[in-house]
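# Close look at the chain arrangement
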Amino acid sequence: MIERLIVFLIRRRLKLKKYQRFRFKNQNADNEYYFTEYGLIKIFETPGHMPRREKSLVSLNWLLSDECEVEVI
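Scope of this entry: the structure provided in the associated data block. Note that the coordinates shown come from a computational prediction; the quantities given were computed from them, not determined experimentally.

## Looking at the nonpolar core
The biggest cluster of nonpolar side chains holds 12 residues, and these are Val 7, Ile 10, Leu 14, Leu 16, Phe 22, Phe 24, Tyr 33, Phe 35, Leu 40, Leu 63, Cys 68 and Val 70. Looking at this core, the elements that each hand over two or more residues are helix 1 (2-14), strand 1 (22-24) and strand 2 (32-35). Considering each element in turn, this core owes the most residues, three residues, to helix 1.

Structural data, given as structure tokens:
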């Protein structure tokens, strides 16, 4: 229950909807991200393969920092 509340509050702070794809403005890779009810999912492509999805390892401190800016895709 607490996880869902935290994810909701982070999404609200970043002005994102559930399953809305975005990128971090200062990232180097072409990875995309989206929020589910329980966490942050990273989508990345490897040449010649289907896009893969996995739980993101982005830290909570980064998501809550003032430097964290997102751009909606």
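## Regarding the pattern of salt bridges
Using the criterion set out here, one finds six salt bridges in the structure. Linking Asp 66 and Arg 13 is a salt bridge whose minimum nitrogen-to-oxygen distance equals 3.5 Å. Taken as a pair, Asp 66 in the loop between helix 2 (60-64) and strand 5 (70-72) and Arg 13 in helix 1 lie far apart in primary sequence, 53 residues in all. Residue Glu 37 is joined to Lys 18 by a salt bridge in which the shortest nitrogen-to-oxygen separation is 3.3 Å. With Glu 37 in the loop between strand 2 and strand 3 (40-44) and Lys 18 in the loop between helix 1 and strand 1, this residue pair connects regions lying 19 residues apart in the sequence. On the basis of relative accessibility, which here comes to 35%, the residue Lys 18 falls in the partly exposed class. Salt bridges here are not isolated pairs; linked through shared partners, they connect Arg 4, Lys 18 and Glu 37.

So, how was this worked out
Residues numbered from 1 in each chain as written. Predicted model: local features only at pLDDT ≥ 70, side-chain atom pairs only at ≥ 80, totals over all residues. Heavy atoms only, no water. Core = buried A, V, L, I, M, F, W, Y, C linked by side-chain atoms within 4.5 Å. Buried < 20%, exposed > 50% of the residue type's maximum accessible area, 1.4 Å probe, protein only. Helix = DSSP H or I, 4+ residues; strand = E, 2+ residues; numbered from the N terminus. Salt bridge = Lys/Arg side-chain N within 4 Å of Asp/Glu carboxyl O.

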